[in-house]
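Spelled out, the chains give:
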Amino acid sequence: DAYRWVRQGEPAVTGGGRPVYVDAVLVARIQAARIPGDTAGRLYIPIDGGPATLYWQGAVINGTWRTDDGLRFVDQDGNELLLEALKVWASFLPDYADVRVQ
């Protein structure tokens with residue numbers, strides 16, 4: 001009932017050298033667009049919600065995310081899953097990015 005955090009192929013560890021585990025992983029999709037005329041190449045990224053996948057207790061749950069009074073996840077049936085009680089790794093990825101689950 002936990003997910004191990006792996007960073008660049010290596011297991012992430014705490015300051016004390018212990019492996020980092022989380023209860024759930026949220027892959028939240030965002031829309032990123034270049035800011036017109038910005039020579040530095042910065043992106044406009046609205047952080048208000050969109051499609052998402054939650055990996056929790058061995059299940060893959062599709063739904064949406066939003067930021068109403070904190071980070072929220074709602075499954076496809078309209079049920080809000082409470083994330084406050086969980087240690088969640090949230091990853092916000094552009095909708096064009098590929099995700100590989102192992």
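Summary of the structure given here. (Residues numbered from 1 in each chain as written. Predicted model: local features only at pLDDT ≥ 70, side-chain atom pairs only at ≥ 80, totals over all residues. Heavy atoms only, no water.)

### Looking at the packing of aromatic side chains
So, step 1. This model, assessed by the stated rule, comprises 2 aromatic pairs.
So, step 2. Between Trp5 and Trp89, the ring centres sit 4.3 Å apart and the planes meet at 35 degrees, which makes this aromatic pair tilted. Of this pair, Trp5 sits in the loop between β1 (3–4) and β2 (6–7) while Trp89 sits in strand β12 (residues 88–94); the two residues are 84 residues apart in sequence, bridging distant segments of the chain.
So, step 3. Under the relative-accessibility criterion, Trp5 is labelled partly exposed at 24%.
So, step 4. Of the residues examined, Trp89 reaches a relative accessible area of 36% and is grouped as partly exposed. (Phe/Tyr/Trp six-rings, centres within 6.5 Å; stacked < 30°, edge-to-face > 60°. Helix = DSSP H or I, 4+ residues; strand = E, 2+ residues; numbered from the N terminus. Buried < 20%, exposed > 50% of the residue type's maximum accessible area, 1.4 Å probe, protein only.)

### Description of the layout of surface pockets
So, step 1. What the largest pocket holds in volume is close to 690 Å³.
So, step 2. Forming the walls of the largest pocket are 18 residues, and the residues nearest its centre are Val6, Val25, Arg100, Val101 and Gln102.
So, step 3. Those elements that place two or more of their residues in the lining of the largest pocket are β1, β2, β5 (24–30) and β12.
So, step 4. Residue contributions to the lining of the largest pocket peak at 3 residues, all from β12.
So, step 5. Within the lining of the largest pocket, the residues separate by chemical class into 11 nonpolar, 4 polar and 3 charged. (1 Å grid on protein atoms, 1.4 Å probe; cavity = no way out; pocket = protein on both sides within 12 Å on 5 of 7 lines; lining within 4 Å. Points joined across faces, edges and corners; volume = space filled by probe spheres on them. Nonpolar A, V, L, I, M, F, W, Y, C, P; charged D, E, K, R; others polar.)

### Points about the sheet that holds strand β10 (residues 72–75)
So, step 1. Taken in spatial order, the 6 strands make up an open sheet running β11-β10-β9-β8-β5-β12, and their pairing is mixed. For this open sheet the edge positions go to β11 (80–81) and β12, each flanked by a neighbour on one side alone.
So, step 2. The pairing of β10 with β11 spans 2 bridges and is antiparallel. When the bridges of β11 are listed, Phe73 appears paired with Leu81. (Pairing = 2+ DSSP bridges.)

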